Amino acid sequence: MPLENFTVKSKLKDYEVFFGEAAEYLPRLAAGPDCVFAIDENVWRLHKDSALKSLESAPKVILPIGEAVKTLESVQLLYDRIVGFSPKKNMRLVSIGGGITQDITGFAASTLYRGVKWTFIPTTLLAQADSCIGGKTSLNFKSYKNLVGTFYPPTEVYISAGFLSTLVDGDYLSGLGEIAKLCIIGGAESAGAFADALAGLLGREPAALTRFLRLALEIKKGYIEEDEFDAGRRNILNFGHCFGHAIESATGFAVSHGIAVVYGILLANIAARRRGLLSEDAERSMRDRILMPLISSAAAAAPFDGNLIIQGMKKDKKRTGAKLALVMALDGFKMARVDDLEETEAAAAIGEFNRSV
Ligand SMILES: NC(=O)c1ccc[n+]([C@@H]2O[C@H](COP(=O)([O-])OP(=O)(O)OC[C@H]3O[C@@H](n4cnc5c(N)ncnc54)[C@H](O)[C@@H]3O)[C@@H](O)[C@H]2O)c1
Ligand SMILES: [Zn+2]
């Protein structure tokens, strides 16, 4: 059954999210005037003879992909290639790829002529279920991840689940981790539904996948429409990321982003339970029904080096006070952000987790 399109409300400009097959909308976009495509090199290689066939002779830039190239230099290279197509102010940039493509091209779209039309076609599970809405673009600078960025909503988003067929297991699981996060934030009903559907999701069942992709986006939409510029409530979307980002860097990025988020939720839950804010039953249920099945599907990375993780948490750019910041799920799936987490509490949570694996 085709999924229903929806609109995301934005103070900058509302935008539409369309669900459909690439073959339906790409020829139309390619035929439009002043359109330049920017495509993830792997997506182009894997789909140029199928879903992207209609772009054979379209003006396009094939983008090298990796965290190391999510930089201002890559944006400049992209400007350079776009200038070669003699663009006009009313041009449209169409990006096809995952979160890295989104960040490089979204930043370019937001700055070229102070903002050009930008169509985003996400091709990873993470980008389809999470990052494609929210309007953030971020670039890495030196050793600082996502230090430079803009708020720039796309003009429109097209989601085609067909692209996911070529996604490697690690990237697929990473996307599932972010969907799990959103379903827990969404409350008891969505968290329970996710747990019930997890076997099907791990088996990449199309019906389960499209259902949760849509549900995850709906949950995220509620948060970003209320707090588009990340001044308060949107912080909750950082659930799992406080420990998660630190785990990614402490393990040299051996753990994918979404799985680091899952570990991060597990640790946040331990810290919440130790503060008496989350019951043992609720913590155990989330761990056994959602978090551990995802972690055991990914290659194990635990136990963790507590000191390295705490050093990483101190660098968290969302931290405002002297202590550590942590988003927690409390009893009844109430979400809260605390700014007064002691290093000893973080260390105790990591220690407890390490002893359990
Ligand atoms: N701007 C935002 O709001 C936002 C939100 C979350 C994450 N991010 C950023 O997104 C990045 C991670 O993005 P991601 O997880 O989507 O992955 P990605 O863009 O890093 O892509 C992961 C890998 O999958 C490949 N790939 C992409 N689509 C494919 C497909 N359909 N089949 C086969 N391979 C494919 C890519 O070439 C790459 O090798 C991080 O840099 C993160 O900071 C941005
Ligand atoms: Zn994330």
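The shown structure was predicted, so the numbers you read here are calculated from the model rather than taken from an experiment.

So, how was this worked out
- Residues numbered from 1 in each chain as written.
- Chains lettered and ligands numbered in written order.
- Predicted model: local features only at pLDDT ≥ 70, side-chain atom pairs only at ≥ 80, totals over all residues.
- Heavy atoms only, no water.
- Pairing = 2+ DSSP bridges.
- Helix = DSSP H or I, 4+ residues; strand = E, 2+ residues; numbered from the N terminus.
- Phe/Tyr/Trp six-rings, centres within 6.5 Å; stacked < 30°, edge-to-face > 60°.
- Buried < 20%, exposed > 50% of the residue type's maximum accessible area, 1.4 Å probe, protein only.
- Arc of directions from axis to C-beta.
- Contact = heavy atoms within 4.5 Å.
- Polar contact = N/O pair within 3.5 Å; in protein donor to acceptor, adjacent residues only side chain to side chain.
- Donors = N, O, S within 2.8 Å, 3.2 Å for Na, K, Ca; no water.
- Axes fitted to C-alpha atoms, helices over the stretch in contact; angles between N-to-C directions.
- Near = heavy atom within 4 Å.
- Areas by Shrake-Rupley, 256 points an atom, 1.4 Å probe, with all protein chains shown as cover.
- Nonpolar A, V, L, I, M, F, W, Y, C, P; charged D, E, K, R; others polar.

## Things to note about the pairing of strand β8 (residues 144-151)
And then number 1: Bridge count between strand β7 (residues 136-141) and β8: 5 bridges; the pairing is antiparallel. When the bridges of β8 are listed, T137 appears paired with T150.
And then number 2: In textbook terms, the turn of a hairpin is the stretch between consecutive antiparallel strands, and for β7 and β8 this stretch comprises 2 residues, one of which, K142, has a positive phi near 50°.

## Brief notes about the packing of aromatic side chains
And then number 1: Considering all chains together, one arrives at 9 aromatic pairs under this definition.
And then number 2: Look at F194 and F212: their rings are 5.9 Å apart centre to centre, the planes differ by 85°, and that puts the pair in the edge-to-face class. Here F212 lies in helix α8 (residues 206-226) and F194 lies in helix α7 (residues 188-202), a separation of 18 residues in the sequence. Side by side, F194 and F212 carry an identical accessibility label, which is buried.

## Description of helix α12 (residues 306-314)
And then number 1: Every buried residue belonging to α12 is among G306, I309, I310, G312 and M313, and all of these are buried. Buried residues along α12 cover an arc of 155° about the axis, so they all sit on one side.
And then number 2: Turning to α12, the residues buried within the fold contact α9 (241-250), β10 (324-330), β11 (334-341) and α13 (343-356).
And then number 3: By the N-cap criterion, in which a side-chain oxygen at the helix start approaches the backbone nitrogen of a residue two or three places on, α12 is capped by D305, the distance to N307 being 3.1 Å.

## As for unusual backbone geometry
And then number 1: Positive phi values are uncommon outside glycine, yet K142 reaches one of about 50°.
And then number 2: As for its position among the elements, K142 is in the loop between β7 and β8.
And then number 3: Since its relative accessible area comes to 73%, K142 is described here as exposed.
And then number 4: In the Ramachandran plot, N146 falls in the positive-phi region, its phi being about 55° despite a non-glycine side chain.
And then number 5: By the element assignment, N146 lies in strand β8.

## Examining the coordination of the zinc ion (ligand 2)
And then number 1: Within the protein, E178 (OE), H241 (NE2) and H257 (NE2) serve as the donor atoms for the zinc ion (ligand 2), at 1.9 to 2.1 Å.
And then number 2: For the zinc ion (ligand 2), the single-chain donor residues occur in sequence as E-x62-H-x15-H. Of this pair, H241 sits in helix α9 while H257 is found in helix α10 (residues 257-274), placing the two residues 16 residues apart along the sequence.
And then number 3: Taking relative accessible area as the criterion, H257 reaches 22% and is therefore assigned partly exposed.

## A look at the sheet that holds strand β9 (residues 156-159)
And then number 1: Strand order in the open sheet formed by 7 strands is β1-β2-β9-β6-β5-β3-β4, with mixed pairing between adjacent strands. Bordering the open sheet on either side are β1 (6-8) and β4 (60-63), each of which pairs with just one other strand. Pairs of neighbouring strands in the sheet enclose a mean axial angle of 20°, with direction left out of account.
And then number 2: On top of the sheet, helix α4 (residues 99-111) reaches β3 (35-40), β4, β5 (92-97) and β6 (117-122); it is set at about 170° to β5, its chief contact.
And then number 3: With respect to the sheet, α8 is in contact with β1, β2 (15-19) and β9, its orientation differing from that of β1 by roughly 30°.

## Here we look at the site of ligand 1
And then number 1: As a structural note, the neighbourhood of ligand 1 is formed by 23 residues, with D40, N42, E67, T124 and T166 the closest of them.
And then number 2: Within the side chain of K70, a nitrogen or oxygen atom sits 2.9 Å from an oxygen atom of ligand 1.
And then number 3: Contact distances for ligand 1 include 2.9 Å between a nitrogen atom and a backbone N or O atom of F163.
And then number 4: Alone, ligand 1 offers 870 Å² of accessible surface; in the complex the protein occludes 85% of this.
And then number 5: Every element with two or more residues in the shell around ligand 1 is listed here: α2 (41-47), α4, α5 (125-131) and β8.
And then number 6: In terms of residue class, the shell around ligand 1 is made up of 7 nonpolar, 9 polar and 7 charged.

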